[in-house]
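Structural overview
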Amino acid sequence: MQESQGASCRLTPDQLRWRCDPAQFDFQTTENLPELEGLLGQARAESAIEFGIGMRRDGYNLYVLGPPGSGKRTVIHNYLEQRAKDEPTPSDWCYVNDFQNEDCPGLLRLPAGRGRQLEEDMSQLVDDLLSAIPAALDAESHVRKIEQTQQEFHEEHEKSLEELAEEAREHGLEIIRTPTGVALAPVRDGKVIGPEEFQQLSEEEKKSIQDAVENLQPKLQLIAQKVPQIKKSVREKVKELNREATRFAIEHLISPLRQKYAEFPDAVSHLDAVEQDVIEHADDFRSPGEEIPAIFLAEQRGPSMGQYLVNLLVDNSDTRGAPVIYEDHPYHHNLIGRIEHQSHMGSLITDFSLIKAGALHRANGGYLVVQARDVLLQPFSWEALKRALRSGKIQIESLGAALSLVSTVSLQPEPVPLEVKVVLLGDRLLYYLLQEYDPDFDELFKVAADFNDETDRTPESCQLYAQLLATLAKSEHARRLDRDAVALMIEQAARHVGDSEKLSTHMRSIADLLRESDYCAGAENCDTINVNHVHTAIEQQIYRADRVREKIQDEIRRGTLLVDTDGHRVGQVNGLSVLALGSLSFGRPSRITATARLGRGKVVDIEREVELGGAVHSKGVLILSSLLASRYARNCPLSLHASLVFEQSYGMVDGDSASVAELCALLSTLADVPIRQGLAITGSLNQHGQAQAIGGVNEKIEGFFDVCSATGLTSDQGVLIPSSNAKHLMLRSDVVDASASGKFSVYTYDTVDDAITLLTGMAAGTPDARGEYPPDTINFLVDRRLRELAELQRAFADRPDRGET
């Protein structure tokens, strides 16, 4: 029942806080309550998530929006894990060497588990080749064939030289071997003569020898010219022999692999390419015949033979169903993949084996969950993600090379086809900013799952809340709760959302209170969480965070911050504001004062003049000025110069919740009627003088109550709030108790006239048909004062020596 005073109402204790009746629950503890299925109060978000996950079309990725701690990630995790386990396991992806173009590694797609098999098979194949090929090339029969081929060349060459040597001897010449080849030289008595001896010969002998040399030299040159060709022919024959031996040696190694992977044409084609390259480079499988300096070993193709191995990029052999990947650090390389390099002789080199998978590769065929803020903060990550989703493929690239920051050997791997559902988790502001400023966002993220902050309080939702607490207690391995504790936690959920008709769905706050209550129960060696444990947890949460609030309250109590809680003052009223520091919000009373003098109708907002007032606060003052003029200066100029200020305010002031208080202070000044200092007021104002709802009503009332408690409660103290805020009241129990004992009151009002009547104890007054107010009312006194100022203004304007005001 409401106690009425004029048009304002004093709220009863029952209206100050909704109480959850434990008797409505048919359980004693939550131990045997069934777990909650689905989400509490999130029907819209559930529908969007189900649609987004089930819609298999391009662009239907999800953005899950809601405040931090609303349980978005947990819900998405549960949905995706449940859905993914029944979906097919995606393929394995492998990079292999392209022997025709090693800068562009090839891509193999194999069923889950077959990629690892191929990797192991190729590793075993290389091991087998390293033993089989040298054995085949060093086999006695093969060595004899090579020696025979080389011997044939040697014999043919020696035969040609011997025939020419016989002809040379007939002319007194001999073929000699030198480090640079063979040459013709004159002989005497079976010995080659030197240049000095040659000069001692007669001219006829010299000429004869020279003619013979000139005649035989072309034949010798012809033989010498044939040597490289013959050697080349021999090398080709030896290579062909090696190829035949290698082909014969590896056929039984590669053929089983061809049969094993016969259903995968790309894999078979790669095996064919491996076979051909092994045959062409069979000599590389032999150990070097002589010691090679260590710094040159990297130049060799062997002995590791890594070019024949497989780089298993994505291994789904142990995956059951579709993968669900959570990338907590989505910088570019973690998201798209990277190409690593190795340092060699002062340079950076790379090959296909150094290609590493990113989160998109691991999530391919499944789901990728990323925090929107994290991916936007990382350079190039957001654009890379959008590019992959638009193109439907993952192109790994080096950022350093793309930005021309480094000059290194790099690769251009074949892109991986992409089929993934991306889920972004973020807040609402970020979602709407992306919608507004990123033209690609709506095309790529068509589904928004909006998590609600609250749900309607009904008997059914209270029962569901009890199930939610039971579910959380089991998942957190916490103690069971009795029904009184459940009732208080539900009340706290209503208080958290600041509405007696709603319940908070902020899962982190609920879970934190449960954990801390469980801690309190454990400290007392109790096996059940009771109402006292919940009370203690709530009080400790506040105590840990309210150092600043206590400091402000102490400064008010000591008189450093001036706030009156008794007596009457003209042009002075107690306004209320809310300070939010981290997780704690609390109310702070502030003295608001107003002055007025003769002027030209200007109401000065001092906070705005010194740039300490926000836009919304300035708007409230302008509405106040408009109401003042429309109500009292319809037929005459508004001839005042008024100023309004929050006393002892040294920071930004914003919001319009003090506009009613400011107007009441100004009316008190104009009417010269004092305001009760035991009352504080909050409320927004429109141009018709109606009170509008404001935020933080519970914190504001409790803030003034704490000040009054510190100075001593009386029956004359209280707070005025707009009637539309009554449903938001979920006050602390000590405030409710003080109201019940008549020491503190909470009033509601609908208009500024209701508020000024209660604040001053004088009726506001309603105008008659002629627009005149009854005598001895606030509005009559204000109207009379403004008319006096208008007359003074007119008289001042008629003076010859008038000046500017």
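Residues numbered from 1 in each chain as written. Predicted model: local features only at pLDDT ≥ 70, side-chain atom pairs only at ≥ 80, totals over all residues. Heavy atoms only, no water.

Some points on the overall build of the chain
A count of helices and strands for the chain gives 27 helices and 34 strands. Here the chain holds 805 residues, and 47% of them are scored as buried. In the chain, the share of contacts with a sequence separation of at least 24, taken over all contacts with a separation of at least 6, comes to 76%. (Helix = DSSP H or I, 4+ residues; strand = E, 2+ residues; numbered from the N terminus. Buried < 20%, exposed > 50% of the residue type's maximum accessible area, 1.4 Å probe, protein only. Contact = heavy atoms within 4.5 Å.)

A short note on the sheet that holds strand β19 (residues 447-450)
In space, the five strands of this open sheet follow the order β10-β15-β18-β3-β19, with parallel pairing throughout. In this open sheet, the two edge strands, each paired with only one partner strand, are β10 (324-327) and β19. Sheet twist, expressed as the mean angle between neighbouring strand axes with direction ignored, is 20°. Relative to strand β18 (residues 421-426), strand β15 (residues 367-371) runs parallel, the two being bridged by five bridges. Bridged to Val-370 within β18 is Leu-424. (Pairing = 2+ DSSP bridges. Axes fitted to C-alpha atoms, helices over the stretch in contact; angles between N-to-C directions.)

Looking at a positive patch on the surface
On the surface, a cluster of positive charge is contributed by Lys-231, Lys-232, Arg-235 and Lys-239. We classify Lys-239 as partly exposed; its relative accessible area is 44%. (Patch = residues over 30% accessible without salt bridge, like charges linked within 9 Å, V, L, I, M, F, W, Y side chains within 5 Å. Areas by Shrake-Rupley, 256 points an atom, 1.4 Å probe, with all protein chains shown as cover. Salt bridge = Lys/Arg side-chain N within 4 Å of Asp/Glu carboxyl O. Lys, Arg positive; Asp, Glu negative; His and termini not counted. Charge placed at Lys NZ, Arg CZ, Asp CG, Glu CD.)

A short note on the layout of surface pockets
The space that makes up the largest pocket amounts to roughly 1500 Å³. Lining of the largest pocket is provided by 50 residues; of these, Gln-492, Arg-495, Gln-541, Ile-542 and Leu-584 occupy positions nearest its centre. Elements that contribute at least two residues to the lining of the largest pocket include exactly α16 (459-475), α17 (483-497), α18 (507-523), α19 (531-545), β26 (584-598), α24 (697-711) and α25 (733-740). Counted by class, the lining of the largest pocket contains 16 nonpolar, 19 polar and 15 charged residues. (1 Å grid on protein atoms, 1.4 Å probe; cavity = no way out; pocket = protein on both sides within 12 Å on 5 of 7 lines; lining within 4 Å. Points joined across faces, edges and corners; volume = space filled by probe spheres on them. Nonpolar A, V, L, I, M, F, W, Y, C, P; charged D, E, K, R; others polar.)

Digging into the pairing of strand β34 (residues 745-749)
A large share of β34 lies buried, amounting to five of its five residues. Burial along β34 is two-sided: Ser-745, Tyr-747 and Tyr-749 facing one way and Val-746 and Thr-748 facing the other are all buried. Where the polypeptide runs from strand β33 (residues 718-722) across α25 and back to β34, its parallel neighbour, the crossover connection is right-handed. (Right-handed = clockwise from strand over helix to strand, strands pointing away.)

Points about unusual backbone geometry
Phi at Asn-525 takes a positive value of approximately 60°, unusual for a residue other than glycine. Along the polypeptide, Asn-525 turns up in the loop between α18 and β23 (528-529). Looking at Asn-525, the relative accessible area reads 74%, which means it is exposed. Positive phi outside glycine occurs at Asp-672, with the angle close to 60°. For Asp-672, the position within the fold is in the loop between α23 (659-671) and β29 (675-676). The exposed category is assigned to Asp-672, whose relative accessible area is 58%.

Considering α18
The end-to-end C-alpha distance of α18 is 24 Å, a good match for the 24 Å that 17 residues give at a rise of 1.5 Å each. Along α18, the positions that sit buried rather than exposed are Ile-510, Ala-511, Leu-513, Leu-514, Ser-517, Asp-518, Cys-520 and Ala-521. Buried residues in α18 make contact with α16, β21 (480-481), α17, β22 (502-504), β23 and α19. Phi for Asn-525, located one or two positions after α18, is positive at around 60°. (Expected span 1.5 Å × (residues − 1).)

Describing the packing of α16 against α18
One can describe the packing of α16 onto α18 by two numbers: an axis separation of 10 Å at closest approach and a directional angle of 65°. Here α16 runs over α18; the crossing is right-handed. Contact with α16, carried on its side by Tyr-465, Leu-468, Leu-469, Leu-472 and Ala-473, involves Met-507, Ile-510, Ala-511 and Leu-514 of α18 and no other residues of that element. Its residues assigned to classes, the contact of α16 with α18 shows nine nonpolar, no polar and no charged. (Left-handed = near helix turned anticlockwise from the far one by under 90°.)

Here we look at the packing of aromatic side chains
Aromatic rings considered in pairs are described by the distance between their centres and by the relative angle of their planes. Applying the stated criterion across every chain, the model contains eleven aromatic pairs. Taking 6.0 Å as the distance between ring centres and 15° as the angle between the ring planes, the aromatic pair formed by Trp-382 and Phe-445 counts as stacked. Separated by 63 residues along the polypeptide, Trp-382 in helix α12 (residues 381-391) and Phe-445 in the loop between α15 (441-444) and β19 bring together distant segments of the chain. When sorted by exposure, Trp-382 lands in the same class as Phe-445, which is buried. Their ring planes at 70° and their centres at 5.2 Å tell us that Tyr-431 and Tyr-432 sit as a pair that is edge-to-face. The structure contains a cluster of three or more aromatic residues connected by ring pairs, namely Tyr-63, Trp-382, Tyr-431, Tyr-432, Phe-441 and Phe-445. The side chain of Lys-446 reaches across the aromatic face of Tyr-60, ending 5.8 Å from its centre. (Phe/Tyr/Trp six-rings, centres within 6.5 Å; stacked < 30°, edge-to-face > 60°. Lys NZ or Arg CZ within 6 Å of the ring centre and 35° of its normal.)

Side note on the sheet that holds strand β5 (residues 106-110)
Judged by pairing direction, the sheet is antiparallel, and its three strands sit side by side in the order β5-β4-β9 without closing on themselves. Pairing within the sheet leaves two strands with one partner each, and these edge strands are β5 and β9 (311-314). Here the strands of the sheet are splayed against their neighbours by 30° on average, with no regard to which way each runs. The pairing of strand β4 (residues 92-96) with β5 spans five bridges and is classified as antiparallel. When the bridges of β5 are listed, Cys-94 appears paired with Leu-108.

Honestly, it's all geometry; don't read function into it.
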